[in-house]
Amino acid sequence: MEFQRKKKLTNFTIGLIFLFSGIEYAVILPTIWKYLQTLHAEPYFLGLGLSAFSLTGLLAGPLFGHWSDRTRRTKAIILFANLFEIVGNFMYFMGVSKWLLLSSRLVAGIGTGAGASIFGYLTRATAPEGRATVFAAVMACRQAGLLIGPAFNLFLRLCDFRLGPFIVNKYTSPGLFMCFLWMLLQLAVVFMYWDLPPRGALQREEKKQEEEEEGEDEEGEEKPLVAQDIQKSYGSIQSADIQELPLPNGTLDPPSPSRSMGPFHNFSVSREYLREEVMVLLTAQFITLFNQTALETMVTPLTQKYFNFGELENSAMYCLCGIEVIAGFFFVRWLSGRYADRVILAVGLVICNVSCVWFLIFLCKPRGKGAWLLAQFVIGVFLQVLGLPFVSVSQISLFSKVTAEKTQGFSQGLRRSVGGLATILGPLWAGGLIGNLYVMLGVMMGLLTLLTVMMSVFYNQLVEPRTKTDHADTQEGCG
């Protein structure tokens, strides 16, 4: 079937986008500090360069999400966003000055804003009960990129030649390599990505195709949409689907202003986002990413201090962590078909709490030495990495269910912006408190405790829209 082929190719292209984003992080992060040193940059430029990428992504996400909600078109948005990735990575490759390198990360970061539009598309195209499975697969693609990215550095570090006026070496080659990958992705999006209709329209199209295959005569038998159909596919029907509804006397109902004003008609930020369940999930997004990036920042200095790890040992450790995360995402994908998202989120929070307590007990004041100290460290890292897929997948899936589908692009952009803020603040917090782990980990433990209390208090409100009475009508009628 033609539609199924387009759907598979579109999903494959989405997987490539997240795979390449993981590869970009993995090939640039290991060398950016020494690259900056060759450009005579001050030490604080490392933090600026890493934060710049997250900052522009934080700002671009809601804008691209709003664009996709208005147009219901993601292909043009992805193509436009990828231009920033291409230009930004080429600027990184040029390596003229530290300011150009900083600007390159600002430009490339804008391209990550397309992720909000993609999550919005996936929400509209996927039934609520299947979203956790889809989101887990997408996030696993990014983790796969993080895992295989270091392998590309093995040959990029051997580059030593000139390309016109530019020098290609182990520091500049990651930018040129990623520029090439994003250009390939542009071609993939052009030829393998389609703006497929949303879920409600897909169901009607599939039914129509089945009837045609059975040889039924469709002429004059098309049934008008009724109010129940509109409520059932809330947020999934474009304005064209409901523009003209037959009245009982056979005349056409002229489109009302509410139908023609798009997905943001009667939209209220306070009504949509200042609800307990939404605030819990946004808090979960911030705290988990804040703690994760803080621990990532802390790990390398600690392995050097206690175990004298070098680049090879750290690379091996990150590789093993990547394998664990990918396995965790697929395990959560399997669990999501058997347990509710809020149950999976609760399990993930328990694991994260145990991990933080473990670090407070065994890492702030190390006990023993040698193999025993290494075992304590490995257990703490294992628990932290184990909890990540549980919390990440479940909170994204729940967030897509407790917010309106019609403005899902903007909502996902807001969620990603909250996460971007966390990835900026987490490394800054950890970097300044490496020598005072009690304070650093104590605050992280306090944040997790706050999230756990919020989760416990509002647990019963973290339910899917289909279990909430007239969720769609409430959203439409409050304006």
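It should be emphasised that the depicted structure is a prediction, and the values quoted were computed from it without experimental measurement.

I keep staring at the overall build of the protein and nothing clicks. Help me out?
Helix and strand content of the protein: 19 helices and four strands. Here the protein holds 479 residues, and 48% of them are scored as buried. In the protein, the share of contacts with a sequence separation of at least 24, taken over all contacts with a separation of at least 6, comes to 81%.

Where do I start with the nonpolar core in this structure?
In this structure, Ile14, Leu185, Met298, Leu437, Met440, Leu441 and Met444 are the most contacted members of the largest nonpolar core, which totals 98 residues. For this core, the element with the highest residue contribution is helix H13 (residues 276-307), accounting for 14 residues. Those residues in contact with Ile14 that lie beyond four places of it in its chain are Ile118, Tyr121, Leu122, Val138 and Tyr193. The next biggest cluster of nonpolar side chains, apart from the first, holds five residues, and it includes Phe64, Ile77, Ala81 and Ala114.

Just to check I follow, could you spell out the pattern of salt bridges for this structure?
Should their charged atoms come close, side chains of opposite charge can pair. Per the stated rule, a full pass over the model turns up four salt bridges. Salt-bridge contacts for Arg105 lead to Glu24; the nearest nitrogen and oxygen are separated by 3.5 Å. Of the two residues, Arg105 sits in helix H5 (residues 98-111) while Glu24 sits in helix H1 (residues 2-28), which places them 81 residues apart along the sequence. For the residue pair Arg105 and Glu24, the accessibility class agrees, reading buried in each case. Lys98 serves as the salt-bridge partner of Glu42, at 2.9 Å between the closest nitrogen and oxygen. One end of the pair, Glu42, is in the loop between helix H2 (32-38) and helix H3 (44-71); the other, Lys98, is in helix H5, and 56 residues separate them in sequence. Overall, Glu42 belongs to the partly exposed group, its relative accessible area being 29%. Residue Lys98 is classed as buried on the basis of its relative accessible area, which comes to 16%.

Thresholds applied
Residues numbered from 1 in each chain as written. Predicted model: local features only at pLDDT ≥ 70, side-chain atom pairs only at ≥ 80, totals over all residues. Heavy atoms only, no water. Helix = DSSP H or I, 4+ residues; strand = E, 2+ residues; numbered from the N terminus. Buried < 20%, exposed > 50% of the residue type's maximum accessible area, 1.4 Å probe, protein only. Contact = heavy atoms within 4.5 Å. Core = buried A, V, L, I, M, F, W, Y, C linked by side-chain atoms within 4.5 Å. Salt bridge = Lys/Arg side-chain N within 4 Å of Asp/Glu carboxyl O.

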